[in-house]
Amino acid sequence: MKKKSGKKEVFINDLERQWLDSYVARHGEKLFRVRQIFKWVFNKNVSNWDEMINIPKGLRDEMKKDFLLFSLKLCNKYASNNNDATKYLFRTNDGHFVETVLIKVGKRKTICISTQIGCKFNCSFCASGKSGFVRDLSCAEIIDQFLLVRNDSHMRITNIVFMGMGEPFDNYDNLIKTIKTFMADWGLAIGARRITISTVGLIPQIERFAREGFSQIKLSISLHAAFEGKRKQIMPIAHTYSLSELISTLRKVRDRFRRNITIEYILMKNFNDYDEDARALAAIAKQIKAKVNLIGYNAVNDCKFVAPSKNDLIQFRKKLEREKVQTTIRYSAGSDITAACGQLSLINKSTTVAKR
Ligand code: SF4
């Protein structure tokens, strides 16, 4: 995206820390100014440069010319009927839409962040892949989802899950840079244990992630079928990485993640909810010492699957528990505003500007 002057627009949250250090030094200022700037950006909910009153005006004016504070604009937001979820619709500078969800359960405020516009992986139960893949989100576009939701909601966000639109590990470099900013003491200082990455099972990236020492971060594997044939029917990625390869990789990295691997299993009535499915799923969970999150399928346009009842979920959980697998039913918040698991999509976006 170019400014009217023809200069490329640069967002503050796309800059490397070291680059900003040298920028500030080039403008004759001491390095502590960078910490001050980050404090404003990450901790003080500023919406423009002039609010940074302890930054010398000369430096502020230069930064105002050179960088933009936010890479996204809030277009709309939708609250669920019982107010347990709010879906935010943002527009990028080049006119694409990004969805982010804030889920409120008691004191826990979890933000579900998108990492791509669209998705390449086209899982058949998920709306995100239905309109194809457009592009990766930049670091600024990922970080700004957090900042803008926090600034709008005035809530302390306690947990971050990378489970929005897109496959996080398919945008690996930006994901890792973002996580480092989230965790940095000069950034948001969020503990690794409060961050979860969900993946369809990209084996090279899982191995790299384990090698690079992010073992405190939770890894969530979208399994959704415990048999190879069924998985191939609903997740095209299973044609690239077989279930047995995935399990063997997870066994290899398991010790690094200790108890931090979770299997996500979307229960679809009369598809993956039979006794044999429960037994096969329990066997996989035990092999990789994972717990299971059971999620009821949420209706998505043009999908043939049927949502289970609450009782179906409870019965399936009992089957797993009989096999001694720790299982939690995750009731999806926000299904009435298409903000629940698998419902985020590029299709039919309204651009009505939200009242703020
Ligand atoms: S489940 Fe994840 S990987 Fe699959 S289409 Fe949806 S966003 Fe993409």
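Just so it is clear, the structure is predicted and the values come from calculations on it, not from any experiment. (Residues numbered from 1 in each chain as written. Predicted model: local features only at pLDDT ≥ 70, side-chain atom pairs only at ≥ 80, totals over all residues. Heavy atoms only, no water.)

## Side note on the overall build of the chain
Within the chain, the regular secondary structure consists of ten helices and twelve strands. Among the 356 residues that make up the chain, the fraction classed as buried is 56%. Contacts in the chain between residues far apart in sequence, at least 24 positions, make up 65% of those at least 6 positions apart. Carbon and sulfur atoms provide 49% of the accessible area of the chain, an area that totals close to 16,300 Å². (Helix = DSSP H or I, 4+ residues; strand = E, 2+ residues; numbered from the N terminus. Buried < 20%, exposed > 50% of the residue type's maximum accessible area, 1.4 Å probe, protein only. Contact = heavy atoms within 4.5 Å. Areas by Shrake-Rupley, 256 points an atom, 1.4 Å probe, with all protein chains shown as cover.)

## Considerations on a positive patch on the surface
The grouping of Arg108, Arg156, Arg194 and Lys291 at the surface amounts to a positive patch. When you line up the elements, Arg194 lands in the loop between helix 5 (172-183) and strand 8 (195-199). Taking the relative accessible area as the measure of exposure, Arg194 reaches 40% and is therefore partly exposed. (Patch = residues over 30% accessible without salt bridge, like charges linked within 9 Å, V, L, I, M, F, W, Y side chains within 5 Å. Salt bridge = Lys/Arg side-chain N within 4 Å of Asp/Glu carboxyl O. Lys, Arg positive; Asp, Glu negative; His and termini not counted. Charge placed at Lys NZ, Arg CZ, Asp CG, Glu CD.)

## Focus on unusual backbone geometry
Backbone geometry at Lys289 places phi at a positive 50°, although glycine is not the residue there. Relative to the assigned elements, Lys289 resides in the loop between helix 9 (275-287) and strand 11 (291-296). Of note, Lys324 is a non-glycine position whose phi angle comes to about 65°, a positive value. Among the structural elements, Lys324 can be located in the loop between helix 10 (310-322) and strand 12 (327-330).

## Description of the nonpolar core
Phe125, Phe146 and Phe162 are the most contacted members of the largest nonpolar core, which totals 106 residues. Broken down by element, the residue count for this core peaks at seven residues, all from helix 4 (residues 139-153). For Phe162, the residues in contact, after removing those within four places along its chain, are Ile113, Thr115, Ile142, Pro168, Leu175, Ile179, Phe182, Ile195, Thr196, Ile197 and Ser198. (Core = buried A, V, L, I, M, F, W, Y, C linked by side-chain atoms within 4.5 Å.)

## With respect to the site of the ligand
Around the ligand, a shell composed of Cys119, Phe121, Asn122, Cys123, Cys126, Ser128, Gly129, Gly166 and Val200 is seen. A class-by-class count of the residues in the shell around the ligand yields five nonpolar, four polar and no charged. (Near = heavy atom within 4 Å. Nonpolar A, V, L, I, M, F, W, Y, C, P; charged D, E, K, R; others polar.)

## Considerations on helix 6 (residues 203-211)
Restricting attention to buried positions, one finds in helix 6 the residues Ile203, Gln205, Ile206, Phe209 and Ala210. In an axial view of helix 6, the angular spread of the buried residues amounts to 165°, which keeps them on one side of the axis. In the segment just after helix 6, Gly213 is the residue with positive phi, at about 80°. (Arc of directions from axis to C-beta.)

## Some remarks on the environment of Lys107
Within the secondary structure layout, Lys107 lies in the loop between strand 3 (97-105) and strand 4 (108-112). Distance in space between the C-alpha atoms of Lys107 and Thr158 is 8.3 Å, their sequence separation being 51 residues.

## Quick notes on the pairing of strand 2 (residues 85-92)
Regular strands place their side chains on alternate faces of the sheet. Taking burial as the measure, the eight residues of strand 2 include seven buried ones, the bulk of the element. As judged from the seven bridges shared by strand 1 (residues 72-79) and strand 2, these two strands associate in the antiparallel manner. When the bridges of strand 2 are listed, Lys73 appears paired with Arg91. As consecutive antiparallel partners, strand 1 and strand 2 are separated by five residues, and within that stretch Asn83 has a phi angle of approximately 65°, a positive value. As defined by bridge partners, strand 2 adjoins strand 3 across seven bridges and the pair is classed as antiparallel. Paired with Lys87 across the two strands is Val101, which belongs to strand 3. Hairpin remark: strand 2 followed by strand 3, antiparallel, with four residues in the connecting loop; positive phi at Gly95, about 90°. (Pairing = 2+ DSSP bridges.)

## Quick look at helix 2 (residues 32-43)
The end-to-end C-alpha distance of helix 2 is 16 Å, a good match for the 16 Å that twelve residues give at a rise of 1.5 Å each. Asn45 sits one or two residues past helix 2 and shows a positive phi near 55°. (Expected span 1.5 Å × (residues − 1).)

## A short note on the confidence of the model for the chain
The pLDDT averaged across the chain works out to 89; a share of 90% of its residues lies at or above 70. Across residues 350-356, confidence stays below pLDDT 50; counting only partners more than four residues off in sequence or on other chains, it has 15 contacts. (pLDDT = per-residue confidence, 0-100.)

## Some words on the packing of aromatic side chains
This structure, assessed with the given rule, holds 15 aromatic pairs. Considering the side-chain rings of Trp19 and Tyr23, the 5.7 Å spacing of their centres and the 20° angle between planes classify their relative orientation as stacked. Taken together, the positions of Trp19 and Tyr23, both in helix 1 (residues 17-26) and four residues apart, correspond to about one turn of that helix. Taking the relative accessible area as the measure of exposure, Trp19 reaches 39% and is therefore partly exposed. (Phe/Tyr/Trp six-rings, centres within 6.5 Å; stacked < 30°, edge-to-face > 60°.)

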